[in-house]
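Structural description and commentary
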Amino acid sequence: MLSGIPDRRKEEDELRDAKRLPPGQSLTRKFPVLHYGPVPSFDPSTWDLKVWGEVEEELNWSWEQFSQLPRTKLNMDIHCVTRWSKFDTDWEGVSLKRLVEAGIIKPKPTAKFLMQHCEYGFTVNLPMEVAMGDNFLLATHFDGNPLTPDHGYPLRGVIGHIPDRDDLKSPYLWKGGKWIRGLEFMTEDRLGFWEQAGYHNEADIWKEQRTTRGW
Ligand SMILES: Nc1nc2c(c(=O)[nH]1)N[C@H]1C(S)=C(S)[C@@H](COP(=O)(O)O)O[C@H]1N2
Ligand SMILES: [Mo]
């Protein structure tokens, strides 16, 4: 509706004044879907999540086991490199930080980077200190409901910006992999799928680290 446009602009100006709208971004109230390749199906009897690499103990959780892990809720703003931002989004799932604090996942001191491994070989990398932030979640729910298939059901990484938590690095949304099946802890950094294609490795929303090739 045309009458919605001035409202959207006004809200955008308010968010900019509140320092919540990063440069080059604009507000959307929709939730666009973006990924490469098809949407996988989910079978709870065969699904698993593997944890390997620089950990004291490798793990392999069934869906039932994963569903019993301690749960965390998170409200944050998400920012897509294609220039839309969505504010005050509600997520629920499992926090890597909390799993590590609870001794459920035990990274070795040599673990410096995390690779999220997703269905069909999709990968995305993050430094450990970013993946261990309060703004990174292994999410099963969005807005009180299980994720929809195209947003990553049953499990996705999600990362964004928590207002007033400028102590945390805030990357663009692509740094959360949809349809996660593995967490690999690494000593050295390796580039994920979009990073190999020329997306910026750090992806800081405030520095507009979108790509490395100037497009
Ligand atoms: N498995 C997988 N996860 C992915 C991607 C992908 O291609 N495959 N694309 C990323 C990109 S580029 C973006 S912008 C976000 C989009 O998430 P959304 O579709 O829920 O908005 O997913 C990220 N996670
Ligand atoms: Mo993206």
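Residues numbered from 1 in each chain as written. Chains lettered and ligands numbered in written order. Predicted model: local features only at pLDDT ≥ 70, side-chain atom pairs only at ≥ 80, totals over all residues. Heavy atoms only, no water.

Quick word on the overall build of the protein
Here is the rule: Numbering of helices and strands runs from the N terminus; a helix is a DSSP stretch of H or I covering at least four residues, while a strand is a stretch of E covering at least two. Radius of gyration: over C-alpha atoms. The globule rule applied is 2.2 Å multiplied by the number of residues raised to the 0.38 power. Exposure categories follow from relative accessible area, calculated using a 1.4 Å probe and restricted to protein chains: below 20% of the type maximum is buried, above 50% is exposed, and the middle band is partly exposed.
Counting its secondary structure elements, the protein contains 5 helices and 11 strands. Against the 2.2 N^0.38 benchmark of 17 Å for 215 residues, the protein shows a C-alpha radius of gyration of 17 Å, consistent with a compact globule. Dimensions of the protein, computed from the C-alpha atoms along their principal axes, are close to 55 × 35 × 35 Å. The buried share among the 215 residues of the protein stands at 48%.

Some points on the site of ligand 1
In plain terms, the rule: Here a residue is considered near a molecule or strand provided that any single heavy atom belonging to it is located within 4 Å of it. Here a polar contact means two N or O atoms within 3.5 Å. Within protein one must be a hydrogen donor candidate and the other an acceptor candidate, and residues neighboring in sequence count only if both atoms are side-chain atoms. Put simply, the grid is 1 Å and covers the protein atoms alone, a cavity is a trapped set of points that fit a 1.4 Å probe, a pocket is an open set with protein on both sides within 12 Å along at least five of seven lines, and lining residues have an atom within 4 Å of a point. To qualify as sitting in a cavity or pocket, a molecule needs more than half of its atoms within 2 Å of the grid points. The nonpolar class holds Ala, Val, Leu, Ile, Met, Phe, Trp, Tyr, Cys and Pro. Asp, Glu, Lys and Arg form the charged class, and all remaining residues, Gly among them, are polar.
Inspection of the region around ligand 1 gives 19 residues, with P32, Y36, H151, R156 and K178 positioned closest. In the environment of ligand 1, an oxygen atom lies 2.9 Å from a nitrogen or oxygen atom belonging to the backbone of L34. Within the side chain of R156, an N or O atom sits 2.6 Å from an oxygen atom of ligand 1. In this structure the site holding ligand 1 corresponds to the largest pocket. Of the residues that constitute the shell around ligand 1, the class distribution is 13 nonpolar, 4 polar and 2 charged.

Considerations on the pattern of salt bridges
Stated precisely, the cut-off is as follows: Definition used for salt bridges: Asp or Glu carboxyl oxygen within 4 Å of a side-chain nitrogen of Lys or Arg.
What the rule picks out here adds up to 19 salt bridges. Put simply, R181 and E119 hold a salt bridge, and the shortest N to O gap is 2.9 Å. Placement of the pair is R181 in strand β11 (residues 180-186) and E119 in the loop between β6 (113-118) and β7 (123-127), with a sequence separation of 62 residues. For R181, a relative accessible area of 23% puts it in the partly exposed group.

So, the sheet that holds strand β2 (residues 48-53)
Rules: A pair of strands is treated as paired once DSSP finds two or more bridges between them. Orientation is described by lines fitted to C-alpha atoms, with helices fitted over the stretch in contact, and by angles between N-to-C directions that extend from 0 to 180 degrees.
The strand order β3-β2-β11-β6-β7 describes an open sheet built from 5 strands, whose pairing is mixed. The open sheet has two free edges, formed respectively by β3 (59-62) and β7, since each of these has just one partner strand. On average, each strand axis in the sheet is inclined to that of its neighbour by 15 degrees, with strand direction left out of account. Note: β2 against β11, 4 bridges, orientation parallel. Residue W52 lies in a different strand from β11, and its bridge partner there is E184.

Quick word on the layout of surface pockets
Where we set the bar: Grid points are joined across faces, edges and corners, and a volume is the space filled by probe spheres set on the points.
Estimates place the volume of the largest pocket at around 460 Å³. If you trace the largest pocket, you find 27 residues lining it, with L34, H35, Y36, K178 and W194 closest to the centre. Here the residues of the lining of the largest pocket sort into 18 nonpolar, 6 polar and 3 charged. Considered as a void within the structure, the second largest pocket measures approximately 180 Å³ in volume. Taken together, 14 residues make up the lining of the second largest pocket; nearest its centre are P127, V130, K169, N201 and E202.

Topic: the state of the cysteines
For the record, the criterion: A pair of cysteine sulfur atoms is labelled a disulfide when the two atoms are within 2.5 Å.
Under the defined criterion, the tally for this structure stands at 0 disulfides. With no disulfide partner, C80 has as its closest neighbouring cysteine sulfur the one in C118, 16 Å distant. Look at C80 and you get buried, because its relative accessible area is 7%.

A short note on empty space enclosed by the protein
Under the defined criterion, the tally for this structure stands at 1 cavity of 30 Å³ or more. One number sums up the size of the largest cavity: a volume of about 40 Å³. In this structure, the largest cavity is lined by P40, S41, F42, W47, E119, Y153, P154, W179 and R181. Grouping the amino acids of the lining of the largest cavity by side-chain chemistry returns 6 nonpolar, 1 polar and 2 charged.

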